[in-house]
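# Chains, contacts and geometry: an overview
This is what each chain is made of:
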Amino acid sequence: MAQPSKLVLPGDLLAVIEEYLPGEGTYVFEEAGEIRAAITGYPFIDMKTRKLNVKPAGRTPRIPRRGSIIHGYVSMVPREDLALVRMVGDERMRRLSGSFTGVLHISQASEKYVNSIYQVVRLGDLIRAHVLSSKPPYILSIKLPQFGVVVAFCSQCGAILEKRPGSHLLVCPRCGNKEARKVSTYYMYRSRTRR
Ligand SMILES: [Zn+2]
């Protein structure tokens, strides 16, 4: 039997089935009557049920939480005042544990008055947003300067738009098209040339 605080790896022998019942995070190696670890973690015994379990080790799963920062793509604009966002990464663009949809309402889109969500985000844009709710529907906000669009695409030709100094609009380096967005201070593509 492994010590309670010792990390075990999948396949590690924990006990024989005469001692305990196999619990969560374990499996029984029938041929030898052994309880082995199914996952990486820390074994513990539930004295009431006499079950031997393995508590998962490692980071807690990356899921959106109230107050967390996420990255996501604008996946749908069902109404003039609403965009749906497929959340794909955490603050540092590490993949989230699962698939989550966020809701960006126009009231959370800008500190300035805007009358259409299209002045703020468009389909396919990658945004950096703040999560306001702790469970679905995940309400997003991009009001503050650090939040908003971090990658946007030209609606004329599909090229990545650039942030240019001295302009509040994003500019297409390929076709010269200019488009409005609520741009984050983390916008990823910048150009040093004015146009
Ligand atoms: Zn273009």
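This one's a predicted model, so the numbers in the text were calculated from it and none came from an experiment.

What follows covers the overall build of the protein. A tally of regular secondary structure across the protein gives 0 helices and 15 strands. Over its C-alpha trace the protein gives a radius of gyration of 25 Å, far above what one expects of a compact globule, namely 16 Å for 195 residues. Expressed along its principal axes, the backbone C-alpha trace of the protein runs to roughly 75 × 30 × 25 Å. Across the 195 residues of the protein, 27% fall into the buried class. For the protein, contacts bridging at least 24 residues in sequence account for 50% of all contacts bridging at least 6.

Let us now look at the sheet that holds strand β5 (residues 41–46). Strand order in the open sheet formed by 3 strands is β2-β6-β5, with mixed pairing between adjacent strands. With partners counted over all chains shown, the strands left at the sheet margins are β2 (21–22) and β5, one partner each. Note: β2 against strand β6 (residues 51–56), 2 bridges, orientation parallel. When the bridges of β6 are listed, Pro22 appears paired with Leu52.

Taken across its 6 residues, strand β10 (residues 126–131) has 5 buried, putting it largely inside the fold. Pairing of strand β7 (residues 69–79) with β10 involves 5 bridges; the strand directions are antiparallel. By the bridge assignment for β10, Tyr73 is matched with Leu126. The pairing of β10 with strand β12 (residues 148–151) spans 3 bridges and is antiparallel.

The next subject is the environment of Ser184. On the secondary structure map, Ser184 appears in the segment after β15 (178–179). For the pair Ser184 and Gln108, spaced 76 residues apart in sequence, the C-alpha separation works out to 14 Å. The contact partners of Ser184, leaving out residues within four places of it in the chain, are Arg128, Gln146, Phe147, Gly148, Val149 and Val150.

Turning our attention to the domain arrangement of the protein. Splitting the protein by domain gives domain 1 (13–56) and domain 2 (69–179). Between the C-alpha centres of domain 1 and domain 2 the distance comes to 47 Å.

Our focus in this paragraph is the nonpolar core. Grouped together as the largest cluster of nonpolar side chains are 28 residues, with contacts concentrated most on Val85, Leu104, Val121, Ile127, Ala129, Leu140 and Ile142. Breaking this core down by element, the ones donating at least two residues are β7, β8 (82–89), β10, β11 (138–141), β12 and β14 (170–171). When residues no more than four places from it in sequence are discounted, the contact partners of Ile127 are Gly72, Val74, Val85, Val121, Ile142, Gly148, Val149 and Val150. Counting residues in hydrophobic clusters, the runner-up holds 7 residues, among them Leu14, Tyr20, Ala37 and Val54.

Strand order across the open sheet formed by 3 strands is β13-β14-β15, with antiparallel pairing between neighbours. Because the sheet does not close on itself, it has two edges, and the strands there are β13 (162–163) and β15. Bridge count for β14 against β15 is 2 bridges, and the pairing is antiparallel. Counterpart to Leu170 in the pairing with β15 is Glu179.

Rules used throughout
- Residues numbered from 1 in each chain as written.
- Predicted model: local features only at pLDDT ≥ 70, side-chain atom pairs only at ≥ 80, totals over all residues.
- Helix = DSSP H or I, 4+ residues; strand = E, 2+ residues; numbered from the N terminus.
- Rg over C-alpha atoms; globule rule 2.2 N^0.38 Å.
- Buried ≥ 20, exposed ≤ 12 C-beta atoms within 10 Å, placed from the backbone.
- Contact = placed C-beta atoms within 7 Å.
- Pairing = 2+ DSSP bridges.
- Domains from an automatic or database assignment.
- Core = buried A, V, L, I, M, F, W, Y, C linked by C-beta atoms within 7 Å.

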